[in-house]
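# Working through the structure, step by step
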Amino acid sequence: MSRTSTDAARLAEEYVRLGGKRKAKLDDNIVSTRLWDDEPQEAADFWRSEIETLSESKRQVETNLPNMNPG
């Protein structure tokens, strides 16, 4: 596992631990996230400060979130 993917996994784990509700949507090798439910302010702040600010090449965090695609 590369350092980038390990860091991404740690960030995703911390976001979820803080109560983050975003889910990953994987479609034709395009990854995006969806947020339907309110999430704790601490998780929202963490997402804005630690994840949104990452460069595109380091945004592998989204692939470590719970997946909304069926199984």
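Per chain, the residues get numbers from 1 upward, laid out in the order the sequence is written. Residue-level local features of this predicted model are given only where pLDDT is at least 70; pairs of side-chain atoms are given and counted only at 80 or more, and the full residue set underlies all totals for whole chains, interfaces and linings. The side-chain values count all of the structure's non-hydrogen atoms but skip hydrogen atoms and water molecules.

## Some remarks on the nonpolar core
Nonpolar side chains tend to gather and get buried jointly when the protein is soluble and globular. Just so we agree on the cut-off: Nine residue types can take part in a nonpolar core, namely buried Ala, Val, Leu, Ile, Met, Phe, Trp, Tyr and Cys, and a core is a set of them joined through side-chain atoms within 4.5 Å. Throughout, exposure labels follow a simple rule: accessible area from a 1.4 Å probe, protein chains only, divided by the maximum for the residue type, with under 20% read as buried, over 50% as exposed, and the rest as partly exposed. Helix and strand assignments follow DSSP, with helices taken as H or I runs no shorter than four residues and strands as E runs no shorter than two, numbered in order from the N terminus. In what follows, a contact means two residues having at least one pair of non-hydrogen atoms within 4.5 Å.
Counting twelve residues, the largest nonpolar core consists of Ala8, Leu11, Ala12, Tyr15, Leu18, Ala24, Ala43, Phe46, Trp47, Ile51, Val61 and Leu65. Listed by contribution, the elements that provide at least two residues to this core are helix H1 (3-17) and helix H2 (41-51). Discounting chain neighbours no more than four positions away, the residues touching leucine 65 are Ala12, Tyr15, Val16, Arg22, Ala24, Thr33 and Trp47.

## Some details on the environment of serine 5
Of note, serine 5 is situated in helix H1. Overall, serine 5 belongs to the buried group, its relative accessible area being 19%. Taking the C-alpha atoms as reference points, serine 5 and arginine 59, 54 residues apart in sequence, are found 9.1 Å from one another. If near-sequence neighbours (up to four positions away) are discounted, serine 5 is found in contact with Gln60 and Asn64.

## Quick word on the confidence of the model for the chain
Stated precisely, the cut-off is as follows: What pLDDT expresses is the predictor's confidence in each residue, scored from 0 to 100.
Model confidence for the chain is summarised by a mean pLDDT of 87, while 92% of its residues fall at 70 or above. H2 holds the highest mean pLDDT among the elements of the chain, 96, whereas strand E2 (residues 30-34) holds the lowest, 83.

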